[in-house]
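# Chain and residue survey
Residues per chain are reported as follows:
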Amino acid sequence: MKFFKKINRGVVFTLVVLSLVIVYVCVLGVNHYLMGEEASGFVSSFFRAEEDWRSIPENFRQDSNAYIKSIENDVKKYFANENVYEFYIKNVILSQYEKNTFYTEEECQYKSFATYVNKYDGELLEISVYTEMGVETYDIYMTLCEDDSELKIASLAQPYGADFSIQ
């Protein structure tokens, strides 16, 4: 008992606080790693699905509204907000109609893509994706958030044009 009386309470308190901080940092690190892994799978799913959306079939090339209606349910499930979805449709689908230049299926095939986690603040996960599609390469910046326990795209930037965010 004499040993416990000699221990300075400040040292014990400091050790307890230091232990809690170490546990907290470890938990954040594990969450960051797990979100990165989940984001990689989500991005892979998104780009594989996008290969089909980007290539507008011949029978829809005169009617953008009908084509957008036909892919709407598949596309919307990837976006956290209606405004981000509309931004994507405008810059990926409608831009083809405006230019009257449509991508072929071969041009829409992704050769590779790599996901890099830039920042995770506990709510939003900022990532960059390096993609190779056809003969072009892109750096796409996305912010992902959890919505109904699923990852969703909260913002997009390049190559889709100016950055658009729900913030």
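Look a little higher up for the structure.
Keep in mind that this is a model prediction, so the values were computed, not measured.

What the protein chain contains, in helices and strands, is four helices and five strands. Along its sequence from the N terminus, the protein chain presents helices and strands in the succession α-α-α-α-β-β-β-β-β. When burial is assessed residue by residue, the protein chain has 34% of its 167 residues classed as buried. Taking all contacts inside the protein chain whose residues are at least 6 apart in sequence as the whole, residues at least 24 apart take part in 49%. Summed over its atoms, the accessible surface of the protein chain is roughly 10,700 Å², and 53% of this surface lies on carbon and sulfur atoms.

Once that is clear, we can look at a negative patch on the surface. Together, Asp 52, Asp 74, Glu 105, Glu 106, Glu 107 and Glu 136 make up a negatively charged patch on the protein surface. Here Asp 52 shows up in helix α2 (residues 9-54). Accessibility expressed as a relative area gives 58% for Asp 52, which makes it exposed.

In this structure, Gln 96 sits in helix α4 (residues 82-99). Beyond its immediate stretch of four places on either side in the chain, Gln 96 contacts Arg 54, Ile 56, Thr 101, Phe 102 and Tyr 103.

Looking at chain direction, strand β2 (residues 124-133) and strand β3 (residues 136-147) are connected through ten bridges and run antiparallel. Among the inter-strand pairings, Thr 131 is bridged to a residue of β3, identified as Tyr 138. One ladder, built from seven bridges, connects β3 with strand β4 (residues 150-157); its direction is antiparallel. Looking across to β4, one finds that Tyr 141 is bridged to Ala 157.

Nonpolar side chains in soluble globular proteins tend to be buried together. Judged by nonpolar contacts, the single largest core of 36 residues is most densely connected at Phe 79, Met 142 and Ile 153. Ignoring any residue separated from it by four or fewer positions in sequence, one finds Met 142 in contact with Val 43, Phe 46, Phe 47, Leu 125, Glu 126, Ile 127, Ile 153, Ser 155 and Leu 156.

Turning our eyes to something else, we now look at the packing of aromatic side chains. As enumerated under the stated definition, the model contains 15 aromatic pairs in all. Ring geometry for Phe 46 versus Phe 79: centroids 6.0 Å apart, planes at 85°, classification edge-to-face. Of this pair, Phe 46 sits in helix α2 while Phe 79 is found in the loop between α3 (64-76) and α4, placing the two residues 33 residues apart along the sequence. Phe 46 sits in the buried class, given a relative accessible area of 0%. Residue classification places Phe 79 among the buried residues on the basis of a relative accessible area of 5%. Where Phe 60 meets Tyr 67, the ring centres are 5.4 Å apart and the plane angle is 55°; that geometry is what we call tilted. Judged by relative accessible area, which is 3%, Tyr 67 ranks as buried. Among the aromatic residues, those joined into a cluster by ring pairs are Phe 42, Phe 46, Phe 47, Trp 53, Tyr 78, Phe 79, Tyr 85, Tyr 88, Tyr 110 and Phe 113.

Axes are the key here: two packed helices are described by the angle between their axes and the distance separating the axes. Their axes nearest at 11 Å, the elements α3 and α4 cross at an angle of 140°. Put simply, α3 runs oblique to α4. Where α3 crosses over α4, the two elements pack in a sense that is right-handed. Along its contact with α3, which presents Ser 64, Tyr 67, Ile 68, Ile 71, Glu 72, Val 75 and Lys 76, the element α4 presents Glu 82, Tyr 85, Tyr 88, Ile 89, Ile 93, Leu 94 and Tyr 97. Of the residues contributing to the contact of α3 with α4, the split by class is ten nonpolar, one polar and three charged.

Cut-offs and rules
Residues numbered from 1 in each chain as written. Predicted model: local features only at pLDDT ≥ 70, side-chain atom pairs only at ≥ 80, totals over all residues. Heavy atoms only, no water. Helix = DSSP H or I, 4+ residues; strand = E, 2+ residues; numbered from the N terminus. Buried < 20%, exposed > 50% of the residue type's maximum accessible area, 1.4 Å probe, protein only. Contact = heavy atoms within 4.5 Å. Areas by Shrake-Rupley, 256 points an atom, 1.4 Å probe, with all protein chains shown as cover. Patch = residues over 30% accessible without salt bridge, like charges linked within 9 Å, V, L, I, M, F, W, Y side chains within 5 Å. Salt bridge = Lys/Arg side-chain N within 4 Å of Asp/Glu carboxyl O. Lys, Arg positive; Asp, Glu negative; His and termini not counted. Charge placed at Lys NZ, Arg CZ, Asp CG, Glu CD. Pairing = 2+ DSSP bridges. Core = buried A, V, L, I, M, F, W, Y, C linked by side-chain atoms within 4.5 Å. Phe/Tyr/Trp six-rings, centres within 6.5 Å; stacked < 30°, edge-to-face > 60°. Axes fitted to C-alpha atoms, helices over the stretch in contact; angles between N-to-C directions. Parallel < 35°, antiparallel > 145°, perpendicular 65-115°, else oblique. Left-handed = near helix turned anticlockwise from the far one by under 90°. Nonpolar A, V, L, I, M, F, W, Y, C, P; charged D, E, K, R; others polar.

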